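# Notes for the structure review
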Amino acid sequence: MLSAIERYLKEKNYPLSIVRSREFHSSQEILNAKAISLRQQGKGKRPNKAQPITPEEESALWEKGQLGDFNGKVLTNVNFKNLTEQLGFRGRQEHYDAYVEDVIIRQREDGTEVVEFREGPTKTRSSGLTIRRRTTPQAMFSTDGGKSDPVRLFKLWLSKRPEGMKNTGPLYLSIINRPKSADVWYTKVRMGQNTIGNLMKSMASCLRTNKKLTNHNMRKTLVSKQKKSGQPRNVICEITGHARESSLDDYDEIDENHRKELSHIISGYKEVSNENQANEVSRQNTANEASNQEIAVQHKRTPLVPIYHVQQQGQMHQAMGSNPGFQPAEFSGFPPRFPLQSQYRMEAFSCAAPVPSQNYTGCTFNFFSRDSQNSPPQPQKKRRAYIIESDDED
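Remember, predicted model here, so these are calculated numbers, not experimental data.

Cut-offs used in this document
Residues numbered from 1 in each chain as written. Predicted model: local features only at pLDDT ≥ 70, side-chain atom pairs only at ≥ 80, totals over all residues. Heavy atoms only, no water. pLDDT = per-residue confidence, 0-100. Helix = DSSP H or I, 4+ residues; strand = E, 2+ residues; numbered from the N terminus. Contact = heavy atoms within 4.5 Å. Pairing = 2+ DSSP bridges. Axes fitted to C-alpha atoms, helices over the stretch in contact; angles between N-to-C directions. Core = buried A, V, L, I, M, F, W, Y, C linked by side-chain atoms within 4.5 Å. Buried < 20%, exposed > 50% of the residue type's maximum accessible area, 1.4 Å probe, protein only. Salt bridge = Lys/Arg side-chain N within 4 Å of Asp/Glu carboxyl O.

Averaged over every residue, the pLDDT of the chain is 76; residues scoring 70 or more account for 64%. No element of the chain has a lower mean pLDDT than strand β6 (residues 344–346), which averages 43, and none a higher one than strand β4 (residues 173–175), which averages 96. This model gives residues 304–324 a pLDDT under 50, and the stretch forms 36 contacts once residues within four places in sequence are excluded. For residues 337–353, every residue scores under 50 in pLDDT, and the model assigns this stretch 40 contacts once sequence neighbours within four places are set aside.

Below you can see the structure in the form of structure tokens.
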């Protein structure tokens, strides 16, 4: 009520805010004291707060014939569910304001069909010069053509409308309880707002639950399914139509099945604890296998070590020519044997990815380690003297 008065005063260009201005600080304190007093009297517990529908309850609705395609009532119920979950319709008003002209059914290149809805003015996106639209269209896609395929059920729903209204008129029409024809299940009269508002309540009459189920429960179920699948908040807002991500704070709650599992864990219920332990052991084994594979790969790699600069090619050539098993010092990964020819093959020593071999002739190589600056200084070794035979006359 306070926010409603705030919006009205803002439209009338009132300069102060009755919520945040300093002049209304005392009124805020009085309202807070009144809220505390009502809390102490047991008010504000929200016993009728909407809760998401569990998968077991949804399955029960199908089994008990509240969702399906065999008459006008259950076909309306299942399309109400799909429009709420797939397109993010709000409980009553957006269903009532929807028209057949707002819907486009098109076929994609892969053969599947999609139902797109062109959004009109809503609660958070009013019409005007500064209209705010969803960045992605509201759409639901066909699945396997089975009993729960949303596109198949929607097309069947439209086909049961009376002649002259199959492609025009309000989306929700009154139901004929005893239709005379199998092709027409609905009248030309628009379904009332109160009837649409009680669809979920009439469906839930067959469930054995003490929860108060309303149309908003289906919207709660939509957010619950998206959060369980790990979708980010900005994606969920594109489906639900919320203007801000903070509006989803009221939906941050665990469902009844998750709460049941936590209760069993606390009470030491063996079946649940054993299952959780098995999952934890499996996860730990997977992590250990990945770690062992990484260690094995690291062991296969030869660490890079610095090789001192070979100043003269003749020294290396003579050393390799006189000693086929020659191996340069400080570099154990260098191939121990070389062919007695003037062309030598250079192998890839130690890399994260394989490097193709190259042939080098008449070159001088400098090898440096990535960690050569941080590695401890190597002890200086005495150089061996070799007699160099030159072809020059001098």
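For the rest of this paragraph, the subject is the sheet that holds strand β1 (residues 103–107). Taken in spatial order, the 3 strands of this open sheet run β1-β2-β3, and their pairing is antiparallel. Edge positions in the sheet fall to β1 and β3 (138–141), since each of these pairs with one other strand and no more. Across this sheet, the average inter-strand angle for adjacent strands is 20°, counted without regard to direction. Relative to β3, strand β2 (residues 113–117) runs antiparallel, the two being bridged by 4 bridges. Following the sheet pairing, V114 is matched in β3 by F141. Contacting β2 and β3, helix α4 (residues 72–87) runs over the sheet at an angle of about 120° to β3. Against the sheet, helix α6 (residues 150–159) engages β1, β2 and β3, with an angle of about 105° to β3.

What follows deals with the nonpolar core. Core analysis: the biggest nonpolar cluster contains 38 residues, and L75, L83, F154, W157, L171, Y172 and M200 have the highest contact counts within it. Among the elements of the structure, α3 (55–63), α4, β2, α6 and α8 (199–203) are those that each provide at least two residues to this core. Beyond its immediate chain neighbours, meaning those up to four positions away, M200 contacts I53, L61, L213, T214, N215 and M218. In this structure, I236, C237, L248 and Y251 belong to the second largest nonpolar core, which totals 5 residues.

To continue, consider the pattern of salt bridges. Enumeration over the complete set of coordinates arrives at 11 salt bridges. For the salt bridge of E85 with K81, the shortest nitrogen-to-oxygen distance reads 3.1 Å. Placement of the pair is E85 and K81 together in helix α4, with a separation of 4 residues, close to one helical turn. The exposure class assigned to K81 is buried, which follows from its relative accessible area of 7%.

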